Amino acid sequence: QAQALARVHSGQADIAVFVDSGPRPVLRRIAWTREFELTYPVVVGRDARAIKSVADLAGRTIAVRRHSALEQRAVEWRDRLGGELNILRLDPVISEQEIARRAASRRIDLALMDQRRARLEAAVFRPLEVSTELGPAMPIRWAVRDNAGLLRDTISSWIDDFVASGQFARLEKQYVENPLR
């Protein structure tokens, strides 16, 4: 994520999409579109259905990408649990698919992901389970260079039109709710 923002900032990329407000620390000179949709933090793993609340993570280890908004969420949970949560920080360039593959094969116990991606990966990696929502909603937004106000406003307007037209709901139903049709 940090690399994607750096590419936007340098002009090598025009836009990047992030859950929440992107990686921590937040890079300056980045502007954000309006939220595209909301998602929730969940954990995935071979026994993730047993996790019903953050309290159920006490004594467990969760894997999460370094410098991500989800890493910050994991740190907050660890603090809430009095340090009784181990955080395995993964390389920021590892893919969500690889994280899910490792959880499905038990190379990692649990992984923290956004709910939408977790459900998609669980459809691909059948032994993978997804927990219930473990925290408040996180917005999904697009990042653009701070001097690209017209691009930011155009994308935000497109988002509004795309959602209002029902196209987003149709695609979500087809590809997110039923990814292996």
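Structure: above.
Since the model is a prediction, treat every value here as computed from it, not as a measurement. (Residues numbered from 1 in each chain as written. Predicted model: local features only at pLDDT ≥ 70, side-chain atom pairs only at ≥ 80, totals over all residues. Heavy atoms only, no water.)

## Let's talk about the packing of aromatic side chains
The geometry of an aromatic ring pair comes down to the distance between the two centres and the angle between the two planes. Applying the stated rule across the entire model yields seven aromatic pairs. A ring pair is formed by F36 and F162, whose centres lie 6.3 Å apart and whose planes are at 20°; its orientation type is stacked. In this pair, F36 is assigned in the loop between β2 (30-32) and β3 (37-39) and F162 in helix α5 (residues 149-164), connecting sequence segments 126 residues apart. Assessed through its relative accessible area of 13%, F36 is described here as buried. Looking at F162, the relative accessible area reads 11%, which means it is buried. For the pair F162 and F168, a centre-to-centre distance of 6.2 Å together with 65° between the ring planes defines the contact as edge-to-face. Through successive ring pairs, a cluster of aromatic residues spans F36, W142, W158, F162 and F168. (Phe/Tyr/Trp six-rings, centres within 6.5 Å; stacked < 30°, edge-to-face > 60°. Helix = DSSP H or I, 4+ residues; strand = E, 2+ residues; numbered from the N terminus. Buried < 20%, exposed > 50% of the residue type's maximum accessible area, 1.4 Å probe, protein only.)

## Some words on the side chain of E121
With respect to the element layout, E121 can be found in helix α4 (residues 115-124). Excluding anything up to four places from it in sequence, E121 contacts E96, Q97, A100, M113 and L128. (Contact = heavy atoms within 4.5 Å.)

## Some details on the environment of T39
One can find T39 in strand β3. We classify T39 as buried; its relative accessible area is 1%. With 98 residues separating them along the chain, T39 and A137 place their C-alpha atoms 5.4 Å apart. At 3.2 Å, the side chain of T39 forms a polar contact with the backbone nitrogen of Q115. (Polar contact = N/O pair within 3.5 Å; in protein donor to acceptor, adjacent residues only side chain to side chain.)

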